[in-house]
Amino acid sequence: MSIFAGGPFVAKSEMKGALNAPSGIAGLDSSGNVTNPLLSTQAQINVNGSAYSQMASGDLSAIGGGYDASFIGGIAAQTLPGSPYGSGYAQPGHLQITGNPSGPYNAGCVLCLAEEPTVHPGMPISGQDFRGGFVSTHDAVQFEQVPTNAMARMILAVDHYTSSSAVLKTALTAAQIAQIHSGMYIVTNSVPGGATQTAIGDASLNGALPSFQNYAGNVQSVSADGTTINVYGWAQEQQQGGAVPGTSSLDTVWDPATTSPVVYLGMPNKTFGQNVYMTYDGSRGGQGGSAATSLIHQMEWNEVDEIVNNTARDREVSVHGLTLTTNASGPNQLTSDSYHLKLAGGQQNYIIMQPQWWTTLISGDNLYVGQPQGPALTANTSSVLFQVAQSTNTGSATWAAHHMIRLMAWNTRNVADDGTSYTNVTTNLGVGVDGTPDTAPTQIQGHLEFTPAANPYGLSICSSGQSGATCSIQLTNYGVPSFVGTGVNHTAATYATAPSHMNTGGEFFCTDCYSSSNSAKTPGIPVYWNGSAFVDALGQTAQHP
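Residues numbered from 1 in each chain as written. Predicted model: local features only at pLDDT ≥ 70, side-chain atom pairs only at ≥ 80, totals over all residues. Heavy atoms only, no water.

(A) Geometry of the overall build of the chain. A tally of regular secondary structure across the chain gives two helices and 26 strands. Taken over 545 residues, the chain has a buried fraction of 24%. Put simply, 42% of the contacts in the chain that link residues at least 6 apart link residues at least 24 apart. Of the roughly 36600 Å² that the chain leaves accessible, carbon and sulfur atoms contribute 53%. (Helix = DSSP H or I, 4+ residues; strand = E, 2+ residues; numbered from the N terminus. Buried < 20%, exposed > 50% of the residue type's maximum accessible area, 1.4 Å probe, protein only. Contact = heavy atoms within 4.5 Å. Areas by Shrake-Rupley, 256 points an atom, 1.4 Å probe, with all protein chains shown as cover.)

Here it is in structure tokens:
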């Protein structure tokens, strides 16, 4: 029943009586905020008389997320007969959103997540202001995330601390109190007395961030007069509460410009774009003779299926998987432990690749791993297995005037065949200069040839400009060496400076030794170590001055 009498006009008394009343109007506080929202904090959707999905907002419990948390499902516990959850079962909820992105900024995403508490924060989608006539790209995003170093909810001056509170210099207003909930982060700018504080970027940190030493806690409540914020305890990170922050030993690392004690409300010191916490509880899986309460024995963090159908033209669509990039323009902007991808822990396999025959496994100028397919079936064709490369220049001039030194492995098909002969393929490992990572080098500093055409099943050692039968040193498949177009250069030394560690049969050229059979005692002969002494070619002890 309406509280209004009806008619074209509403009396002042009726307006006053309708304030914050059922079927009436919502009141506002001094800041213009609604004091009693017209919408209920909980809604329930019923189907055929049965309660299904529930929606709610506001949970002031310590771990519930506070007044600004919203829930779909999982709201009220109930006892469900037959459920392993017992009396802790809460009705699940599901969120399905159908969107059709149609423009830049916020119109470009179906689900848009922003970390800044600003009105309608603009999503960086095709982010060029079109109102001046500029035409940007035309992107559509299903799930847009914009994590950033968001600012503190409030920064408040502190008079002093107790073991369980921060006493403020100025009492909080009703609007400020409304922004504080149980469990909220509260960080001080106080550090332990005598703590060593190292500035960001100091050389002693070797490129890492300094340790975070500020005392912090979690809000418990606010006093009725708004002068005190009560906490569950003060401590440094990863410690049990019990400390009492001081007001004279202040942080000089993270906020050196603030020289009086303050607290930062709702202030994290690390933000994640996404965090997946995947767990498996073996006690639910039917082990040790107990009944199973869960049949999940396979877990997968993420799967991306890139499906391409009904293409009638070559190169019709561009498909990208995961792209990680940064606009850092110098080596010192990011900490030395920053990374794009980190693989850690006791996983069985870090990377499993199952490529198609045409797939390049890794394509980069500095690191390249080629396709599974071998060289073309015609003679003298090559394909690169892998390469690593480095510039001859350094620092900011790395990509200026330079050459690329490429350590490469490549296969060469010696004569045309049907692709089934491994003896017809020579594997090369060598150093090339310039060129491209996916092409066998034309300027080679030196290389090894495994199963060369001129030396089947053997190994050839080739210097710059050599290949095949011209390689200087060739080992047969029995390990017998031969030298092509060159002799063997022996180590030369006097007897007094002879190599001190040689195996039996070891040889060097002794510049002042002579054979006992040489009456002229002409110096300069090869000598051999027989296990106890150096001898000449006749097996006689080498003579020397």
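After that view of the structure, there is still more to cover.
(B) The packing of aromatic side chains, seen in detail. For the structure shown, the criterion picks out six aromatic pairs. Ring geometry for Phe212 and Trp254: centres 5.9 Å apart, planes at 45°, overall tilted. Residue Phe212 is found in the loop between strand 10 (185-188) and strand 11 (216-222), and its partner Trp254 is found in the loop between strand 12 (228-231) and strand 13 (262-265); the two are separated by 42 residues along the sequence. You can call Trp254 partly exposed: its relative accessible area is 32%. An aromatic cluster of at least three residues, connected via ring pairs, comprises Tyr495, Phe508, Trp529 and Phe534. (Phe/Tyr/Trp six-rings, centres within 6.5 Å; stacked < 30°, edge-to-face > 60°.)

(C) Here's a closer look at unusual backbone geometry. We note that Asn206 has phi near 55°; this positive angle belongs to a residue other than glycine. By the element assignment, Asn206 lies in the loop between strand 10 and strand 11. A positive phi angle is found at Lys521, which is not glycine, with a value near 55°. Within the secondary structure, Lys521 is located in the loop between strand 24 (507-510) and strand 25 (525-529). By relative accessible area, which is 51% here, Lys521 ends up exposed.

(D) Representation of the state of the cysteines within the structure. As enumerated under the stated definition, the model contains three disulfides in all. Disulfide partner of Cys109: Cys112, at an S-S distance of 1.8 Å. Torsion about the S-S bond of the Cys109 and Cys112 cystine: about 110°, corresponding to right-handed handedness. The residue that forms a disulfide with Cys510 is Cys513, at a sulfur-sulfur distance of 2.0 Å. As the torsion about the S-S bond is roughly 60°, the Cys510-Cys513 disulfide counts as right-handed. Residues Cys510 and Cys513 agree in their burial class; the two are buried. (Disulfide = S-S within 2.5 Å.)

(E) Structural context of the confidence of the model for the chain. Mean pLDDT over the chain works out to 89, with 89% of the residues at or above the 70 mark. Between residues 36-40, whose pLDDT stays under 50, and residues either more than four places distant or in other chains, the model counts six contacts. (pLDDT = per-residue confidence, 0-100.)

(F) Representation of the side chain of Asn411 within the structure. Mapped onto the elements of the fold, Asn411 is located in strand 17 (residues 404-413). Only 2.7 Å separates the side chain of Asn411 from the side chain of Thr427, close enough to count as a polar contact. Sequence-distant contacts of Asn411, defined by excluding residues within four places in its chain, comprise Pro375, Thr381, Ser382, Ser383, Leu385, Val425, Thr426 and Thr427. (Polar contact = N/O pair within 3.5 Å; in protein donor to acceptor, adjacent residues only side chain to side chain.)

(G) Layout of the nonpolar core. Core analysis: the largest hydrophobic core is formed by 16 residues, its most contacted members being Leu156, Ile186, Ile229, Val263 and Leu265. Taken together, the elements giving at least two residues each to this core come down to strand 8 (154-162), strand 9 (165-168), strand 12 and strand 13. Among the elements that take part in this core, strand 8 stands out by supplying four residues, more than any other. Discounting residues that sit within four places of it in the chain, Val263 has contacts with Met154, Ile155, Leu156, Val158, Tyr161, Ala166, Leu168, Ile186, Val187 and Thr188. Counting nine residues, the second largest nonpolar core, distinct from the first, contains Ala498, Cys513, Ile525 and Phe534. (Core = buried A, V, L, I, M, F, W, Y, C linked by side-chain atoms within 4.5 Å.)

(H) Here's a closer look at a negative patch on the surface. A surface patch of negative charge is lined by Glu300, Glu303, Asp305 and Glu306. With respect to the helices and strands, Glu303 occurs in the loop between strand 13 and strand 14 (362-363). (Patch = residues over 30% accessible without salt bridge, like charges linked within 9 Å, V, L, I, M, F, W, Y side chains within 5 Å. Salt bridge = Lys/Arg side-chain N within 4 Å of Asp/Glu carboxyl O. Lys, Arg positive; Asp, Glu negative; His and termini not counted. Charge placed at Lys NZ, Arg CZ, Asp CG, Glu CD.)

(I) Local environment of the sheet that holds strand 9. Strand order around the closed barrel formed by six strands is 8-9-12-11-10-13, with antiparallel pairing between neighbours. Ignoring which end each strand starts from, the neighbouring axes of this sheet average 45° apart. Examined bridge by bridge, strand 10 and strand 11 share three bridges and lie antiparallel to one another. Counterpart to Val187 in the pairing with strand 11 is Ala216. (Pairing = 2+ DSSP bridges. Axes fitted to C-alpha atoms, helices over the stretch in contact; angles between N-to-C directions.)

(J) Representation of the sheet that holds strand 26 (residues 534-535). A sheet is described by the order of its strands in space; here four strands give the open sequence 23-24-25-26, paired in mixed fashion. The strands lining the two open edges of the sheet, one partner per strand, are strand 23 (492-493) and strand 26. Bridging between strand 25 and strand 26 involves two bridges; their strand directions are antiparallel. Within strand 26, the residue paired with Trp529 across the bridge is Phe534.

(K) A look at the pattern of salt bridges. One pass over the full model with this rule turns up five salt bridges. Note that Arg131 and Asp129 form a salt bridge whose closest N and O atoms lie 3.0 Å from each other. Given the relative accessible area of 71%, Arg131 is considered exposed. Here Asp129 falls in the partly exposed class, since its relative accessible area comes to 37%. Between Asp281 and Arg284 there is a salt bridge, with its nearest N and O atoms 3.7 Å apart.

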